[in-house]
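# A structural walkthrough
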Amino acid sequence: MTEIAQILGKAGVLLFTLGLLIGFAMAKLRNPRLGLSAHLTAVQVGAMLIALALFWQYLGIPDGWATIIVLAVIVSSYVLTFGILLSGVFGASQALPMAGAGHTASKSRETLVTFLVYGSSVVMALAYVAICWFAFS
């Protein structure tokens with residue numbers, strides 16, 4: 001297993017574990033439904049990082065791109081989880097209206113959560129598009 005694959009795997013195991021711990025705390029949040037969303041996001045994205053680590057050697061990512069893509073995938077995974085968790089803590093609902101229905105937070109908190117969730121989602125999507133590009137070209 002390459003060093004990059006090990007980093008991906010360890011980041012995935014840690015995020016998966018954090019997701020399990022979020023599961024214990026989600027009922028205490030201002031919006032428990034968003035706590036559940038953060039829990040599920042962390043567990044699912046953590047598992048995806050582990051799967052990516054296992055398949056990394058078969059994807060054909062050039063060395064020049066590997067560090068950028070791995071950094072983007074890991075950071076965006078953690079930021080997305082944190083943004084959703086923060087939304088549950090604050091009761092912010094603008095970025096996640098279905099899970100946040102009936103809750104509101106201050107404009108600055110809504111803006112922060114929206115930036116974290118949307119920003120990390122865009123970065124993550126672009127990173128996975130790049131992975132697919134290299135894997136299937």
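Right above here is the structure, for reference.
Keep in mind that this is a model prediction, so the values were computed, not measured. (Residues numbered from 1 in each chain as written. Predicted model: local features only at pLDDT ≥ 70, side-chain atom pairs only at ≥ 80, totals over all residues. Heavy atoms only, no water.)

The next thing to look at is the overall build of the chain. When its secondary structure is counted, the chain shows four helices and zero strands. The secondary structure elements of the chain, listed N-terminal to C-terminal, are α-α-α-α. Scaling as 2.2 N^0.38, a compact globule of 137 residues should have a C-alpha radius of gyration of about 14 Å, and the chain matches this with 16 Å. Each of the three principal axes of the chain carries a C-alpha extent, and together these read 45 × 25 × 20 Å. Looking at the chain as a whole, 43% of its 137 residues are labelled buried. If you take every contact in the chain between residues at least 6 apart in sequence, the share linking residues at least 24 apart comes to 72%. (Helix = DSSP H or I, 4+ residues; strand = E, 2+ residues; numbered from the N terminus. Rg over C-alpha atoms; globule rule 2.2 N^0.38 Å. Buried < 20%, exposed > 50% of the residue type's maximum accessible area, 1.4 Å probe, protein only. Contact = heavy atoms within 4.5 Å.)

In this section: helix α3 (residues 63-90). If you check α3, its first and last C-alpha atoms are 40 Å apart, about what 28 residues at 1.5 Å a residue would give, namely 40 Å. Phi turns positive, to about 80°, at G91, one or two residues after α3. (Expected span 1.5 Å × (residues − 1).)

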